[in-house]
Amino acid sequence: MNLHALKQEWLSNIRGDSLAGITVALALVPEAIAFSIIAGVNPMVGLYASICIAIVIAFAGGRPGMISAATGSMALIMIVLVRDYGLEYLLAATILTGILQLVLGWMNVGRFITFVPYPVVLGFVNALAILIFLAQLPFFVGASWMMYAMVAGTLAIIYLLPRFTKAIPSSLAAIVVMTAIVIGTGVQLLTVGDIGTITRSLPLFHVPVVPISVETLLIILPYSVTLVIVGLLESLLTASIVDEMTDTKSDRDREVRGQGYANTITGFFGGMAGCAMIGQSVINIKSGATGRLSSLVAGLFLLFLIIALGDVLAQIPMAALVGVMIMVALSTFDWKSLQDLPKVPVSDAAIMVITIAIVVFTHDLAKGVIAGVVLAALVFGWRISAIHATGTVRNDGVKIYTVKGQVFFGTMEAFIDLFDYANDPERVEIDLTHSHIWDQSAVTAIAKVVDKYQQRGKSVYVTGLNPESQETLNKGFS
C-alpha cells in the first residue's frame, strides 16, 4: 500500500473517526455483555473479544469504517459447545475459526459474495434491523415511565441535534446527556453494571487448556465451520452495505483474511469469535467515520473504559443505549424495499420476505441467507430453462428451426423434443443465433438430434453459433 492510501485510510478524518469510534465503544459495551450471557460465558469474554477484534481489524480488515466485534449471531452457535465442554473449548474453537478463515482468505473466496442475489441482501438487512429492534423490547418489560422518557429523550437528541450542530456525533451526545441525568438525579434505572460485572483488568495471552488430539478437533470442528460460515456471510454482506452507504469499494478477500487474523488472536486473549456488525457499522458511518482509525479508537477506548472508567461505565443507563439501538434498527431497515414490493417481480419479493421470515424465526442469519440463495437459484434455473423454437420452410425446401433459450443440462430433454423428425423435409437447419451452448449435456443433446435425423436419411446443419458455443461444441465432438 502506498503512502497516499495510508494517509487516506488513517489520517484523512482524524476527528470524525475518533468521535465515531468513541460512540461505537460505548454502544459495544452492553452488546458484548449481552452476547456473552447468550453464549453462557463471563461478560469479560465478550468485552475482550470486542477489544481484540476491533483493534486487529483496524489494521487487517478490507473495509475501512466497518466495525467488527463479538456478535449475537456467533454467540448463538456457541451455546451448546460452552454448555457441554466449557470456555477452554470455546477459545480453541475460536482459534480454529480464525485459521479456517485465513485459509479461505488466501483462496480468494471473497468474490463469491457476488453470488448472493440483491433480494437476499435486502432480506438480510431488513431481518437484521428487525432482530436489533426486537432485542431492545425486553428492556421495556416491567419498566417505569422514566425508562420510556429516557429512550424518547435519547431519540430526540439523536435526530434533532444534527439540525443545530454536527460538532459531535448525536448518538454520543445522547449517551453522555442521559448518563449525566441519571448520575445527577439518582433516578433508579437499569444500567450497564446491572447486566454484568465489569472486571478492570487487561486481556492476557492464554493458550486454551484442551487436549491436543483428534478427539478435540472433532469436537470443535463442527462449531468452527459454522462460525466461519456465519461470520463470513455477515461480514461480507455488511461490507457490501457499507460500500453502498459510502459509495466506496472494499477488498473482500482482505476482509476474509482480516477476520481470520482477528479471531485467531482473540482466541489467544480470552475472547470469543466475532465478525462484522451491521448495527455498529451503521452507527460508525452515521457518526462521521470514514477510515480505519475509527475501529482502532473503538477498540482502544473500550479498553480504556474497562480499565480506567469501569465504575462510570457501569452507570450508563440502558435506556440511552436502547435508544441508540432503536435508531440503528430504523436506519438499517430499507424502507424503500417495502414501497418497491408491488413493482418488483413476485419471485424477488417472495425471496426477500422468506429470507426475513427465516432469519427472524430462527435468529440465524446463515439459515436465512442460504435459504434465500437456494430459492433464488431455483427461480433462476426455472427461468433460464425456458426454451422454444419456431419452424419455417424456405423456398428451396429447407426447414429452419430458430431456437431461443439456453441449451444446457436443464433443457437437454426439452431441446430434443423441439423437432418433428418424422415429418420434416430432407434438409433441416438449426439456427442457434439466439441460443448458447453451455456444457457437455448441450453437446450431447445436439448430437442426439443430428443422429435422429440421420437415421431417417435426412441432413441437418447447425448454424448461428457464437464463438464460445462453437468452441464448446468442437470440444464435445473432438
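Worth saying up front: this structure is predicted, and the values here are computed from it rather than measured. (Residues numbered from 1 in each chain as written. Predicted model: local features only at pLDDT ≥ 70, side-chain atom pairs only at ≥ 80, totals over all residues. Heavy atoms only, no water.)

## So, the overall build of the protein chain
Stated precisely, the cut-off is as follows: What counts as a helix is a DSSP run of H or I of at least four residues, what counts as a strand is a run of E of at least two, and both are numbered from the N terminus. Working definition: with a 1.4 Å probe on protein chains only, accessible area under 20% of the residue-type maximum means buried, over 50% means exposed, and in between means partly exposed. Two residues qualify as a contact provided that any one of their heavy atoms is within 4.5 Å of a heavy atom in the partner residue. Throughout, the Shrake-Rupley method with a 1.4 Å probe supplies accessible areas, and for residues the shown protein chains are the sole cover considered. When charges are counted, neither His nor the chain ends are considered; positive counts come from Lys and Arg and negative counts from Asp and Glu. Each charge is placed at NZ for Lys, CZ for Arg, CG for Asp and CD for Glu.
Of regular secondary structure, the protein chain possesses 21 helices and six strands. Overall size of the protein chain, expressed as C-alpha extent along the three principal axes, is 100 × 55 × 50 Å. Counting every position in the protein chain, which comprises 478 residues, the buried fraction comes to 53%. Partitioning the contacts of the protein chain with sequence separation of at least 6, the portion at a separation of at least 24 is 84%. A total accessible area of about 21,500 Å² is found for the protein chain, and carbon and sulfur atoms account for 66% of it. Charged side chains in the protein chain number 27 positive and 31 negative. The centres of these two groups are separated by 5 Å.

## Concerning the packing of helix α5 (residues 87-106) against helix α10 (residues 214-246)
So the rule is basically this: Orientation is described by axes fitted as lines to C-alpha atoms, over the contacting stretch for helices, and by angles from 0 to 180 degrees between their N-to-C directions. For classification purposes, an angle smaller than 35 degrees is called roughly parallel, one larger than 145 roughly antiparallel, one from 65 to 115 roughly perpendicular, and anything else oblique. Crossing handedness is defined as follows: a turn of the near helix away from the far one that is anticlockwise and smaller than a right angle gives a left-handed crossing, while the clockwise case is right-handed. Gly is put with the polar residues, along with every residue not named as nonpolar or charged; the nonpolar set is Ala, Val, Leu, Ile, Met, Phe, Trp, Tyr, Cys and Pro, and the charged set is Asp, Glu, Lys and Arg.
Packing of α5 against α10 leaves a shortest axis separation of 8 Å and a crossing angle of 55 degrees. Classified by the angle between their axes, α5 and α10 sit oblique to one another. The chirality of how α5 crosses α10 is right-handed. Mapping the contact onto sequence places Tyr89, Ala92, Ala93, Leu96, Thr97, Leu100, Gln101 and Leu104 in α5 and Thr216, Leu217, Ile219, Ile220, Leu221, Ser224, Val225, Leu227, Val228, Gly231 and Leu232 in α10. Among the residues forming the contact of α5 with α10, the class breakdown is 14 nonpolar, five polar and no charged.

## Thoughts on helix α3 (residues 43-60)
Going by this rule: To estimate the expected span of a helix, count its residues, drop one, and scale the result by 1.5 Å. Under this definition, polar contacts are N or O atom pairs within 3.5 Å; protein pairs additionally need one hydrogen-donor-capable and one acceptor-capable atom, and for neighbouring residues in sequence, both atoms have to be side-chain atoms.
The terminal C-alpha atoms of α3 lie 26 Å apart, and with 18 residues this matches the ideal 26 Å at 1.5 Å per residue to within 8%. At the N-terminal end of α3, a side-chain oxygen is found 2.8 Å from the backbone nitrogen of Met44, two or three residues along, and the residue is Asn42.

## Section: the packing of aromatic side chains
We count it as follows: To pair, rings of Phe, Tyr and Trp, with the six-membered ring standing in for Trp, must have centres within 6.5 Å; the planes then decide the type, stacked if under 30 degrees apart, edge-to-face if over 60, and tilted in the middle. We call a charge positioned over a ring when the NZ of a Lys or the CZ of an Arg lies within 6 Å of the ring centre and within 35 degrees of the ring normal.
For the structure on display, the rule yields 13 aromatic pairs. Judged by centre distance (5.7 Å) and plane angle (75 degrees), the ring pair of Phe205 and Phe269 falls under edge-to-face. Of this pair, Phe205 sits in the loop between α9 (192-195) and α10 while Phe269 sits in the loop between α11 (252-267) and β2 (274-276); the two residues are 64 residues apart in sequence, bridging distant segments of the chain. On the basis of relative accessibility, which here comes to 25%, the residue Phe269 falls in the partly exposed class. Ring pairing ties together the aromatic residues Tyr401, Phe415, Phe419, Tyr421 and Tyr453, which thus form one cluster. The aromatic ring of Trp106 is capped on one face by Arg257, whose charged end is 4.5 Å from the ring centroid. Seen from the ring of Tyr421, Lys452 lies directly overhead, with NZ or CZ sitting 5.5 Å from the centre.

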